[in-house]
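# A structural walkthrough
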Amino acid sequence: MFVCVECGKESPYLCEQISPSILKLSQCQKCDNTIDKYIEYDGILVLLNMLLLKSSAYRHIIYNRRGISDDVRSYTKYNYSVSHVTTPTTSTTVHTYHRLTFLLFFSCITADTYITWLHAKKTGGRLNLHVLELKFMIRLVQVTLESVLYYTSAVILGYLVLGIREIRELLLGLVVSSFGKLFSLPSAIWSQNTNLLVLSYLLVLINNFVVLRVMSRGRSVTSFSVVVVCFCLERQLSYVFCSNVWPWDSLYSGVTIPSNASSFRISEL
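The structure contained in this document is the topic of the report that follows. Quick caveat: nothing in here was measured; it's all calculated off a predicted structure.

## Regarding the packing of aromatic side chains
Two numbers describe a pair of aromatic rings. These are the distance of the centres and the angle of the planes. Applying the stated criterion across every chain yields a total of 6 aromatic pairs. Both rings, one in Tyr-38 and one in Tyr-41, keep their centres 5.1 Å apart while their planes meet at 70°; by these two values the pair is edge-to-face. The class of Tyr-38 is buried, set by a relative accessible area of 0%. Note on Tyr-41: relative accessible area 33%, which makes it partly exposed. Look at Tyr-201 and Phe-231: their rings are 5.7 Å apart centre to centre, the planes differ by 65°, and that puts the pair in the edge-to-face class. Taken together, the residues Tyr-201 in helix H6 (residues 194-215) and Phe-231 in helix H7 (residues 220-242) connect sequence positions 30 residues apart. By relative accessible area, which is 22% here, Phe-231 ends up partly exposed. Here the aromatic residues Phe-105, Tyr-150 and Tyr-151 are joined through ring pairs into a cluster of three or more. Just above the ring of Tyr-159 sits the side chain of Arg-165; from NZ or CZ to the centre is 4.2 Å.

## A word on the packing of helix H1 (residues 43-51) against helix H2 (residues 55-64)
Direction vectors running N to C along H1 and H2 enclose 125°, while the axes themselves pass 8 Å from each other. By the angle between their directions, the pair H1 and H2 is classed as oblique. Where H1 crosses over H2, the two elements pack in a sense that is left-handed. Together, Val-46, Asn-49 and Met-50 of H1 and Ala-57, Tyr-58, His-60 and Ile-61 of H2 make up the contact between the two elements. In the contact of H1 with H2, the residues fall into 5 nonpolar, 2 polar and no charged.

## Quick look at the pairing of strand S3 (residues 15-19)
Relative to strand S4 (residues 22-25), S3 runs antiparallel, the two being bridged by 4 bridges. By the bridge assignment, Glu-16 is partnered in S4 with Lys-24. Counted along the chain from S3 to the antiparallel partner S4, the turn is 2 residues long.

Thresholds, definitions, all that
Residues numbered from 1 in each chain as written. Predicted model: local features only at pLDDT ≥ 70, side-chain atom pairs only at ≥ 80, totals over all residues. Heavy atoms only, no water. Phe/Tyr/Trp six-rings, centres within 6.5 Å; stacked < 30°, edge-to-face > 60°. Buried < 20%, exposed > 50% of the residue type's maximum accessible area, 1.4 Å probe, protein only. Helix = DSSP H or I, 4+ residues; strand = E, 2+ residues; numbered from the N terminus. Lys NZ or Arg CZ within 6 Å of the ring centre and 35° of its normal. Axes fitted to C-alpha atoms, helices over the stretch in contact; angles between N-to-C directions. Parallel < 35°, antiparallel > 145°, perpendicular 65-115°, else oblique. Left-handed = near helix turned anticlockwise from the far one by under 90°. Contact = heavy atoms within 4.5 Å. Nonpolar A, V, L, I, M, F, W, Y, C, P; charged D, E, K, R; others polar. Pairing = 2+ DSSP bridges.

If you want it as structure tokens, here you go:
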């Protein structure tokens, strides 16, 4: 089942077959807008609308994207009719969508790991190459556990507090809306600019809030509360893991960094 990206009303199809070679985008019976205008948009335009926090873009990603082919202009790939929405290419499209979502999840974790590890490397003085490699792997495990805790708590609270029953769609929406973590990579060029790190993480939280608000049908205050709780749980886990190992983590854990933080050294394992 698809949904209208403007009002959220469910619809059994996205387009109508006028002739064997012509398809027409369907109109929503509730708001009289195109059910999903984004199926004709390039991916970069959808991403820009996500950056602008458009709820319609997230409805497209969460509810409609998995059921359509990337090549909307080809009737052989985009074979929808008025009464049929399941096509032979749908399972392949869904599999590809899940694979890309997992790739984005892994990319976000890797980016976060690299930025924090790079700072630890710069503030830790000269270290053996094997020690640095081991530190990177430890940091990778830590970031993975933090992300799993964040998404798990968001799904559980979304189910119990917000009444969201689409668990898979919620998890996919949270992962996709975390693309802002990739924007922290330029901070490696500008000498670990903490402003970029904070802004990238703030972008992630705001986009996660939009996803929860969309899937909870406009419950803004409760969605904001869920994001705050999940963020606090994630930061608490970060504090438990490495507040005394990597001083840079104090930026997010709320721990005050001493004035002589530059003299910190990462002990050999």
